[in-house]
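# Tertiary structure, described
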Amino acid sequence: EVKKQLDGIHEEVEAMSRCCADMSQRLQSVKSHTSDLISQTSKLRGEASQLDLKLDVANAFNSRYLLSANELQSLRGSRAASGGVERGFFSSLQRVKEIHGDCKSLLRINHQNAGLEIMESMALHQEAAFEKLYRWAQSE
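Residues numbered from 1 in each chain as written. Predicted model: local features only at pLDDT ≥ 70, side-chain atom pairs only at ≥ 80, totals over all residues. Heavy atoms only, no water.

### Overview of helix H4 (residues 112-139)
Spelled out, the test is: Counting from the N terminus, the helices are the DSSP runs of H or I reaching at least four residues and the strands are the DSSP runs of E reaching at least two. Take the residue count of a helix, subtract one, and multiply by 1.5 Å to get its expected span. Exposure classes here rest on a 1.4 Å probe applied to the protein chains alone. A residue is buried below 20% of its type maximum, exposed above 50%, and partly exposed in between. Contacts were defined at the residue level, with two residues in contact if any of their heavy atoms lie within 4.5 Å.
Across its 28 residues, H4 extends 40 Å between first and last C-alpha, which sits within 8% of the 40 Å expected from 1.5 Å per residue. All of the buried residues in H4 are Gly115, Ile118, Met119, Met122, Ala129 and Lys132. At its buried positions, H4 is contacted by helix H1 (2-65), helix H2 (69-76) and helix H3 (89-108).

This is how it looks when you write it as structure tokens:
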């Protein structure tokens, strides 16, 4: 009878041992997957940080070298049909001149294509604004 009880305890200990080994194996597998996820998360955070930096640089570039929607609107004006000049027309025209001047720095630092394209665009905006101003002056 004692032997049966010892055999029963032995079987339970072996079952517990197998269960512990199985859990240990599962924990190792989860640890491996978790490590991979942590590594991937770190990599993605680094990439997100780089993308945020690139976005900041692009926004800074746009604010320095492109006209805002309001500036374009004031140059084109909703009064274009009547030939009137919008409130911010002259400040927008000055901004076109500043952007055109800033493009010279792009030409000096090996960004000739961007500089030339922006200069051409600003020249077109400036020409259209001068034509609008000329028509307005003639009508007054």
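### Examining the environment of glycine 46
Structurally, the position occupied by glycine 46 is in helix H1. In this structure the C-alpha to C-alpha distance between glycine 46 and alanine 137, which are 91 residues apart in sequence, comes to 56 Å.

### Observations regarding the side chain of glutamate 71
The residue glutamate 71 is located in helix H2 in this model. Aside from chain neighbours lying at most four places away, what touches glutamate 71 is Leu66, Ser92 and Arg95.

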